[in-house]
Amino acid sequence: MSGDDLFLGSESGDAAYRESMERATDAVVDILADGENPYTGESAAALADLFEEPVLPEEGAGLDAAIDEAAERVLSHSVATSNPRCAAHLQCPPMVPGLAAEAMLTAANQSLDSFDQAPAATVLEERVVGALCDLFDLPDGADGVFTSGGTQSNFQALLLARDRCCGRRFDRDVQAEGLPPEAESLRIVCSAEAHFTAAQAAHHLGLGEDAVVSVPTDGEHRMDVDALDATLDELDARGDRPFALVGTAGTTDFGSVDPLSELADRAAERDLWFHVDAAYGGAAALSDEHGHLLDGIERADSVAVDFHKLFYQPVSCGALLLRDGDDFEWMARNAAYLNPEDHEDAGVPNLVAKSVQTTRRFDALKPYVAFRALGREGLARLVDATLELADDAASLLDSTEDFELVHEPTLNAVVFRYRPREGMNDRAVSRVNAAVRRRLLDDGRAVVARTEVEGVTSLKFTLLNPRATPEDVEAMLDAIRDCGDELAAERGVVA
Ligand SMILES: *Cc1c(COP(=O)(O)O)cnc(C)c1O
């Protein structure tokens, strides 16, 4: 291949682009989309054997060959996220509008760190952020930025919270001077079922994971407000300094939503930054039926929301929203080569100052195209359908003898256990469920998750696929039974 057919802008380059995109698109449809099972079941070792040839040969094989090879070896052994029986994690089937947007944004290759690298993208990202602030009923003056996902959003929110606290309470400019002596006593409060990235952020922020104080949850897996009050009193009495309260809107295992209004009250009384991790549950805001789950989110200082989960956009795509856009000042940055003075004078947005990234993808195009294509109602129908399917799955599990529902789902995560024999003890149940999950993946008929609930290994469906039906859920239960029977026959695990 020569430069002429490697780059856009010449007749042969443009033709090569069309042809290779078509080749790649055909491969996605033929190999990935229409397979019978969500996975081929290859082991890591077998996959390693597939990729033995040199990654960087002296001479290339040509683009067609390279695409075909990637299709045969990589796509065919990928988990088919669009298969209704791919139901393990918060990994969505990406919707076609998002895939089309992804193709455009990748080809345009805009980078959001400066206006002259991304003119329309810069302006549009701010518009999309504005629409999201409206979706969560944040007030005028709210602002935000796109991120790589919940991890980065949670980190950045807690960074701003920490630095605002240190600035206001200890007159310390953390950006310039680093942490103040009082940092030893800074605390982040979240529920015991908050996502691990809250603790990870505490580490990355130099506070240490021990700075995270976990509040017990109630029977619904939501933060227990009485326990929160007791925790805050205790921290006060000890001279510890909580600065941030993290509410979770959609826990990973149960989809439960903390009582956000009560948390907002506590945050206001105690001068805490109130962050809501709505990476999973934020999409409920689209729905007339389920939007109430998020009541109180409009009082948050910051909100993390992921589009690569219940908004059905391809990875990666997330956003951090701030109630008061001025809070970005705690990480303000001016790089003369990215935002020259004459840009500032002309009111050109300076997005690099709002992000922990420099070069940054134009991921906002994906929700933009999806929003314009489907409207709020169209998106809400998808969310509503999967929440309904989760309820159906729960009823189905309840009605069987050999399965038990661990908890009524709040969103679309359904946690359950396979208990093939009545009276089977928890250790045996743990063993069987763990073995069945592994067998399912090896067999490729269904991809389900495992989790621990009160020390007992359980299984989890995360039913994100709007095309999935109760019959698909039933098929997965049958696959679990088959695996259980096979294991019993082979090893006497169940028998
Ligand atoms: C997925 C998730 C995260 C992590 O987000 P990434 O997009 O994977 O970085 C954090 N919190 C919650 C509640 C999540 O569901």
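Residues numbered from 1 in each chain as written. Predicted model: local features only at pLDDT ≥ 70, side-chain atom pairs only at ≥ 80, totals over all residues. Heavy atoms only, no water.

The name an unreviewed UniProt entry assigns to the protein is Pyridoxal-dependent decarboxylase, from the organism Halogeometricum pallidum JCM 14848. Among the UniProt annotations of the protein, the heading Cofactor (unreviewed entry) holds the following wording: "pyridoxal 5'-phosphate". UniProt's Sequence similarities (unreviewed entry) comment on the protein is quoted here verbatim: "Belongs to the group II decarboxylase family." (UniProt positions renumbered as here; feature names shortened; annotations may be inferred.)

Below, the discussion takes up the pattern of salt bridges. Applying the stated rule across the entire model yields 37 salt bridges. Where Asp68 meets Arg23, a salt bridge forms, and the shortest distance between an N and an O atom there is 2.8 Å. Of this pair, Asp68 sits in helix α4 (residues 63-74) while Arg23 sits in helix α2 (residues 11-33), and the two are 45 residues apart along the sequence. Among the residues examined, Arg23 registers a relative accessible area of 31% and is labelled partly exposed. Across the salt bridge formed by Arg445 and Asp482, the nearest N and O atoms sit 3.0 Å from each other. (Salt bridge = Lys/Arg side-chain N within 4 Å of Asp/Glu carboxyl O. Helix = DSSP H or I, 4+ residues; strand = E, 2+ residues; numbered from the N terminus. Buried < 20%, exposed > 50% of the residue type's maximum accessible area, 1.4 Å probe, protein only.)

For the rest of this paragraph, the subject is the UniProt feature "modified residue: N6-(pyridoxal phosphate)lysine" (unreviewed entry) in the protein. Summarizing the sequence annotation, UniProt attributes the feature "modified residue: N6-(pyridoxal phosphate)lysine" (unreviewed entry) to Lys309 in the numbering used throughout. Of note, Lys309 is situated in the loop between β6 (302-306) and β7 (318-322). Leave out the neighbours within four places in its chain, and Lys309 touches Leu90, Cys92, Ala279, Tyr280 and Leu464. (Contact = heavy atoms within 4.5 Å.)

Not every one of the 14 residues close to the ligand is listed here, only the nearest: Thr151, Asp277, Asp306, His308 and Lys309. Side-chain polar atom of Asp277 to a nitrogen atom of the ligand: 2.7 Å apart, as the coordinates give it. In the model, an oxygen atom of the ligand is placed 2.6 Å from a nitrogen or oxygen of the Asp306 side chain. When residues in the shell around the ligand are grouped by element, the largest group, three residues, is from helix α7 (residues 150-170). (Near = heavy atom within 4 Å. Polar contact = N/O pair within 3.5 Å; in protein donor to acceptor, adjacent residues only side chain to side chain.)

With that settled, the discussion passes to the confidence of the model for the protein. For the protein, per-residue confidence averages 96 on the pLDDT scale, and 99% of positions sit at 70 or higher. Per-element confidence in the protein ranges from a low mean pLDDT of 77 for helix α12 (residues 341-345) to a high of 99 for β6. (pLDDT = per-residue confidence, 0-100.)

Right, let's get into the nonpolar core. Within the largest apolar cluster, 64 residues are counted, with the highest numbers of intra-cluster contacts made by Leu245 and Phe274. Looking at this core, you find at least three residues from each of domain 2 (111-361) and domain 3 (375-489). Beyond its immediate sequence surroundings of up to four residues, Phe274 is in contact with Leu245, Gly247, Leu260, Leu263, Ala264, Ala267, Gly296, Arg299, Ala300, Asp301 and Ser302. Within the second largest apolar cluster, 33 residues are counted, among which are Ala390, Val414, Tyr418 and Phe461. (Core = buried A, V, L, I, M, F, W, Y, C linked by side-chain atoms within 4.5 Å. Domains from an automatic or database assignment.)

Two measures describe an aromatic ring pair: the distance that separates the ring centres and the angle between the ring planes. Inspection of the entire model under this criterion finds six aromatic pairs. Centre to centre, the rings of Phe146 and Phe307 are 5.5 Å apart; their planes meet at 20°, and the pair counts as stacked. Of the two residues, Phe146 sits in strand β1 (residues 143-147) while Phe307 sits in the loop between β6 and β7, which places them 161 residues apart along the sequence. Both residues of the pair, Phe146 and Phe307, belong to the buried class. (Phe/Tyr/Trp six-rings, centres within 6.5 Å; stacked < 30°, edge-to-face > 60°.)

The next subject is the state of the cysteines. Evaluation of the coordinates by the stated rule reveals zero disulfides. Of all cysteine sulfurs in the structure, the one in Cys92 sits closest to Cys317, which takes part in no disulfide; the separation is 9.7 Å. Taking the relative accessible area as the measure of exposure, Cys317 reaches 0% and is therefore buried. (Disulfide = S-S within 2.5 Å.)

Between α2 and α4, the least distance of the axes is 10 Å, while the angle of their chain directions is 20°. Accordingly, the angle class assigned to the pair α2 and α4 is roughly parallel. Between α2 and α4 the crossing geometry is right-handed. Side by side, α2 and α4 meet where Ser20, Arg23, Ala24, Ala27 and Ile31 of the first sit next to Leu63, Asp64, Ile67, Asp68, Ala71 and Glu72 of the second. (Axes fitted to C-alpha atoms, helices over the stretch in contact; angles between N-to-C directions. Parallel < 35°, antiparallel > 145°, perpendicular 65-115°, else oblique. Left-handed = near helix turned anticlockwise from the far one by under 90°.)

This brings us to unusual backbone geometry. A negative phi holds for most residues other than glycine; trans holds for most peptide bonds. At the junction of Val315 and Ser316, the peptide bond is cis and its omega measures out at -5° in the coordinates. On the secondary structure map, Ser316 appears in the loop between β6 and β7. Non-glycine residue Asp137 carries a positive phi angle of around 60°. Note on placement: Asp137 falls in the loop between α6 (119-135) and β1. We classify Asp137 as exposed; its relative accessible area is 55%. Positive phi is not limited to glycine here, since Asp271 has a value of about 60°.

A cluster of acidic residues, Glu289, Glu388, Asp391, Asp392, Asp398 and Glu408, forms a negative patch at the surface. For Glu388, the position within the fold is in helix α13 (residues 365-398). (Patch = residues over 30% accessible without salt bridge, like charges linked within 9 Å, V, L, I, M, F, W, Y side chains within 5 Å. Areas by Shrake-Rupley, 256 points an atom, 1.4 Å probe, with all protein chains shown as cover. Lys, Arg positive; Asp, Glu negative; His and termini not counted. Charge placed at Lys NZ, Arg CZ, Asp CG, Glu CD.)

The next subject is the environment of Ser395. Here Ser395 shows up in helix α13. Taking relative accessible area as the criterion, Ser395 reaches 46% and is therefore assigned partly exposed. Distance in space between the C-alpha atoms of Ser395 and Leu405 is 8.5 Å, their sequence separation being 10 residues.

Attention shifts here to helix α9 (residues 197-204). By the burial criterion, the buried members of α9 are Thr197, Ala198, Ala199, Ala201 and Ala202. Elements in contact with the buried residues of α9: α7, β2 (186-191) and β3 (212-215). Immediately beyond the C-terminal end of α9, within one or two residues, lies Gly206, with a positive phi of roughly 80°.

Here we take up the pairing of strand β4 (residues 241-248). Along β4, seven of the eight residues are buried, which leaves the element largely enclosed by surrounding structure. As paired strands, β2 and β4 are joined by four bridges and run parallel to one another. Within β4, the position partnered with Leu186 by the bridge is Arg241. In this structure, β4 lies alongside strand β5 (residues 273-278), joined through five bridges in parallel fashion. Paired with Thr248 across the strands is Asp277, a residue of β5. (Pairing = 2+ DSSP bridges.)

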